[in-house]
Amino acid sequence: MTRPNTGKTEAERRLTLHVGLVCVVATVAVVVSLHALTELDLSGEDLALSLSLIFMAALGVTIKWRIRIRATVHAISWSETAIILSLAVAPTSLVVLTTGLGVAIALLLIKLPPLKAAFGVAKSMLLAAGAGATLHALGWPPSPTEFPHVVGLIGLAYAVAVVLDELLTLPVIALATGTRLGHLFREDLGMRLTSAAARFVLIVTTLLILRADPRLLLAVPPLVLSLHLLYSNRVKARTEQQAWQRLARTTDALNVVDLDKVLTTAVTQAAELFSADEVEVELRDGGRTVRGGAGSITYDGPAGEPTATDGTVVPAALEGHDRTADVGVLRLRFRGPVQLSEREQYTLRTFASALCTAVRNAQAYAELARVADEHAYAATHDALTGLANRRHLLDQGTEHLNTRHADGVTALVLIDLNHFKEVNDTLGHAAGDQVLVQVAERLRTAAQEGDLVARLGGDEFAVLLRGLPAPAVAAHRAETLLATLHEPFDLDGMRISVEASGGIAAAPATGGMPELLRRADVAMYQAKRAGQRTSTYAPTRDTADLGRLTLGGELPRAVADHEFTVNFQPIVDLGSGQVTGAEALARWRHPVHGVIDPLRFLEAVERSGLLPAFAEAILDEALLAASAWREAGFDVPVAVNVSPRSLLDARFPGSVLARLRAHDLPPDRLVLELTETLTLSQLDVVDRVLSRLRDEGVRLALDDFGTGYSSLSLLSRIPVHELKIDRSFVTAMEGSAEAAAVIRSTLDLGRSLGLDVVAEGVESEPQRRALWELGCTAGQGHLFARPMPANTLLAAFRRGSGGSPGALAPPLHDAGAVIRLAPGRRQGGRGRADRHLPA
């Protein structure tokens, strides 16, 4: 990027306008002075006085000290002193004309450019006119005996001259150099005031000399010269002191480790330090060029880009004091001819050396930071795939679990490639590495924002899912991840298929990331053993639970003491509020631990050898309750959860049918709820058991549908009558489009297959209405009733809701407002048997 040159043209135009205005006003002063001079009676002595005044004016403007601001050298003279002394001995009109003539002669002799010369002459005449007008207005000349009064009038006239000089000169300098007017006014203000006071003392001293003996006037020029030399040396010393102070501040500002800040500071500070129009730093390493002025950076990019600033260029190599490390070059640019003083040249070399050190330090720090970042990255990422490694997964997961609040559910999907060793053994480790890289890329692409994909080692990967609306959503996300690995991999023209198994676990309340990783690992091996693609962690199948092992030792006593009880939760028609069934839920009333959930003891029951007796006892309780309800006039089926191991027992169907006959209940009054577990993968064995039960009229339901994708494959093998939507989807449906989509797709599937669909976990009227509007006709949950003993539920049937026995909730619509259409039936008796209560 380059800076346009329009600013300079505008400044020149304004400068010319200002000088022209000063010249016009000075011309008016000349005309007025000439007119006044014609009225004076001049003599030969006045001619000699005029020549003296011309000489004094020329001398005043000649004796000066010079200050360079950027490419322009500005001179400060003693002209105000000469003007005031002239006004003390001659009329104002004569002083205006002689001052202009003397200044013009002096400026012509030193060959000043026309614009500067015109401004110098005009300004001097305006100072004389202004100071003279002030004296005239104050009643000059006073009585010679009133010297204090004379000093006062001269002081006021001198103050007017000094103020006019500042008002006329500072804008010209500001326009010529582009420096802010306020900055110019404040710069060296103390020194200018001191100079003004010293010159006023000189004026008063000269007046005293003239008052005492005019012949002593010859001593004035040496006195002026001495004061000039004294003040010039003081200005020079002050200027050098300020320059060294600015150099110290600038080099201190370079002590940063960010290269961009070093270069920005160098350019902007050097522009002020050396009063340059533009400063450029070109680095040899990388070919980078940065240029700008005191205000800002105007270009930062590759070297070779031309600059818009033409004029004098002063280069300085960026090298150390030993001149062994040359990192680039520093260039000062001025729009006019400039010759640096010896002090400025030394300052430039010092600044360049400091900048060289700063650049080398910044580059070294950047290299160290880069190496540190590489080491940090290598310590937390897998070298082959670029994914996070086990350490990074544990660190990030622990940090997330420690800081999470209400940001959803955290889950972990652990993925292991099946038979990957065969790829390495057959095609070699190089081919195996290619497969791992492609697996990593597919998982990274399939993961969502916020997920952390990691390789734990070998052929094991993990994906940390954060902010899930419900735990069950993790299964769908896991299936999406594993589905990306289904397509064959291309290895040098060969297409290789690699299968994978995934274990899913939601973050536990305690144990942190190590426990979450362990649970996902348990679930993953459960999936492998079952031949499934995914498996969700279930505490009942975790053999590492020491609490369940302890409870397992108490099972024989609990069975003997009848500590196992059955509660029932009703299933309700969402539209009418009528009860359509009830689910039997086993509970263990432990004398020490209180009521124990079945998730904690079912695994121990299955391993203990007590499963047949336990299952028969629970089934007896459920059928006994259903029989009692039927005798009371409430003919509703009862649903009983079936242990997967019971389905592997060939005697199970006979036991179920025997219990039905014992309680004189039709087979369709019993619903057996099946769950997805490792034994369900042995469908050949399970099919024979379920076929007999189904043929006898016992109804089958698939529980927690939607939490595992093997549900779809089970439907093709086991013709169930009913699907039960997992409660986690119902809980999350109001705030999660993903959960609502799962419910909607399950209902569509149920309608297409002619199956009943029951929603679990209905806890609010908005959930009930939303499910009803989606087409779900049945549900269970705390909105209608919590699990309760059979006789308590019977009492609730009789009491009803709104005076309607058998209703546990008011209807959503008035009677007759909704027409119920029975779903189509699947072949093989898989359609829904009507559930109703007698009127």
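Residues numbered from 1 in each chain as written. Predicted model: local features only at pLDDT ≥ 70, side-chain atom pairs only at ≥ 80, totals over all residues. Heavy atoms only, no water.

## Some remarks on the overall build of the chain
Looking only at helices and strands, one finds 27 helices and 23 strands in the chain. The proportion of buried residues among the 839 residues of the chain is 48%. Long-range pairs, those at least 24 residues apart, make up 69% of the contacts in the chain between residues at least 6 apart in sequence. (Helix = DSSP H or I, 4+ residues; strand = E, 2+ residues; numbered from the N terminus. Buried < 20%, exposed > 50% of the residue type's maximum accessible area, 1.4 Å probe, protein only. Contact = heavy atoms within 4.5 Å.)

## Observations regarding the side chain of R333
Mapped onto the secondary structure, R333 falls in strand β7 (residues 326–334). Here R333 falls in the buried class, since its relative accessible area comes to 11%. Once residues within four sequence positions are removed from consideration, R333 is found in contact with A276, D277, E278, E280, R291, T307, T309, T312 and V313.

## Notes on the pairing of β7
Along a regular strand, successive side chains alternate from one face of the sheet to the other. Summarising burial for β7: 8 of the 9 residues are buried, a large majority. Here strand β3 (residues 278–283) pairs with β7 via 6 bridges, running antiparallel. Considered in β7, the bridge of V281 is made with L330. Judged from the 8 bridges that link them, strand β6 (residues 312–319) and β7 form a sheet pairing that is antiparallel. From the neighbouring strand, L318 faces β7, where its bridge partner is G328. (Pairing = 2+ DSSP bridges.)

## Topic: the sheet that holds strand β10 (residues 460–468)
With respect to topology, 5 strands assemble into an open sheet ordered β9-β10-β8-β13-β14, the strand pairing being mixed. Edge positions in the sheet fall to β9 (452–457) and β14 (534–536), since each has one partner strand and no second. For this sheet, the mean angle separating the axes of adjacent strands, direction not counted, is 20°. Relative to β10, strand β8 (residues 409–417) is paired through 7 bridges, and the arrangement is antiparallel. (Axes fitted to C-alpha atoms, helices over the stretch in contact; angles between N-to-C directions.)

## So, a nonpolar patch on the surface
Among the surface-exposed residues, L101, I105, L109, I110 and L112 lie close enough to one another that they form a single nonpolar patch of about 450 Å² accessible area. Note on L109: relative accessible area 67%, which makes it exposed. (Patch = residues over 30% accessible without salt bridge, like charges linked within 9 Å, V, L, I, M, F, W, Y side chains within 5 Å. Areas by Shrake-Rupley, 256 points an atom, 1.4 Å probe, with all protein chains shown as cover. Salt bridge = Lys/Arg side-chain N within 4 Å of Asp/Glu carboxyl O.)

## As for helix α26 (residues 765–774)
Those residues of α26 lying buried are Q767, R768, L771 and W772. Buried residues of α26 fall within an arc of 130° about the axis and therefore sit on the same side. For α26, the elements touching its buried residues are β15 (564–573), α24 (727–732), α25 (737–753) and β22 (756–760). Two residues or fewer past α26, G775 is found with a positive phi of approximately 110°. (Arc of directions from axis to C-beta.)

## Focus on the packing of aromatic side chains
Within the structure shown, the criterion is met by 5 aromatic pairs. When the ring of F564 is compared with that of F614, the centres are 5.0 Å apart and the planes differ by 80°; the resulting orientation is edge-to-face. Residue F564 is located in strand β15, and its partner F614 is located in helix α20 (residues 611–631); the two are separated by 50 residues in the primary sequence. This pair shows no difference in class: F564 is buried, exactly as F614 is. Relative to F797, the ring of F634 lies with its centre 5.4 Å away and its plane at 45°, an arrangement referred to as tilted. Taken as a pair, F634 in the loop between α20 and β18 (638–641) and F797 in helix α27 (residues 790–799) lie far apart in primary sequence, 163 residues in all. Residues F634 and F797 agree in their burial class; the two are buried. Among the aromatic residues, those joined into a cluster by ring pairs are F568, W629, F634 and F797. Positioned above the aromatic ring of F489 is the side chain of R442, whose terminal nitrogen or guanidinium carbon lies 3.9 Å from the ring centre. (Phe/Tyr/Trp six-rings, centres within 6.5 Å; stacked < 30°, edge-to-face > 60°. Lys NZ or Arg CZ within 6 Å of the ring centre and 35° of its normal.)

## Comments concerning the environment of T792
Relative to the assigned elements, T792 resides in helix α27. Distance in space between the C-alpha atoms of T792 and F568 is 9.3 Å, their sequence separation being 224 residues.

## Topic: the confidence of the model for the chain
Summary statistics for the chain give a mean pLDDT of 80 and a share of 82% for residues scoring 70 or more. The low-confidence segment residues 68–74, where pLDDT is below 50, has 41 contacts with residues more than four positions distant or belonging to other chains. (pLDDT = per-residue confidence, 0-100.)

## Observations regarding the pattern of salt bridges
Scanning the entire structure with this criterion turns up 29 salt bridges. Here R288 makes a salt bridge to D260, at a shortest N to O gap of 2.7 Å. Of this pair, R288 sits in strand β4 (residues 288–292) while D260 sits in helix α10 (residues 259–273), and the two are 28 residues apart along the sequence. Residue D300 is joined to R288 by a salt bridge in which the shortest nitrogen-to-oxygen separation is 2.9 Å. One end of the pair, D300, is in strand β5 (residues 297–302); the other, R288, is in strand β4, with 12 residues separating them in the sequence. A relative accessible area of 39% places D300 in the partly exposed class. Shared partners join several salt bridges into a network, and the residues in it are E278, E280, E282, R291, R331 and R333.

## So, helix α3 (residues 79–89)
Burial runs high along α3: 9 of the 11 residues are buried. Turning to α3, its buried residues are S79, E80, T81, A82, I83, I84, L85, S86 and L87.

## Focus: the nonpolar core
General note: in soluble globular proteins, nonpolar side chains tend to be found buried as a group. Among the nonpolar cores identified, the biggest contains 110 residues, and F568, W629 and L670 are the most heavily contacted of them. Among all residues touching W629, those that are not within four sequence positions of it are F568, A582, F634, V636, A790, L793, L794 and F797. Grouped together as the second largest cluster of nonpolar side chains are 46 residues, L53, V95, M125 and V172 included. (Core = buried A, V, L, I, M, F, W, Y, C linked by side-chain atoms within 4.5 Å.)

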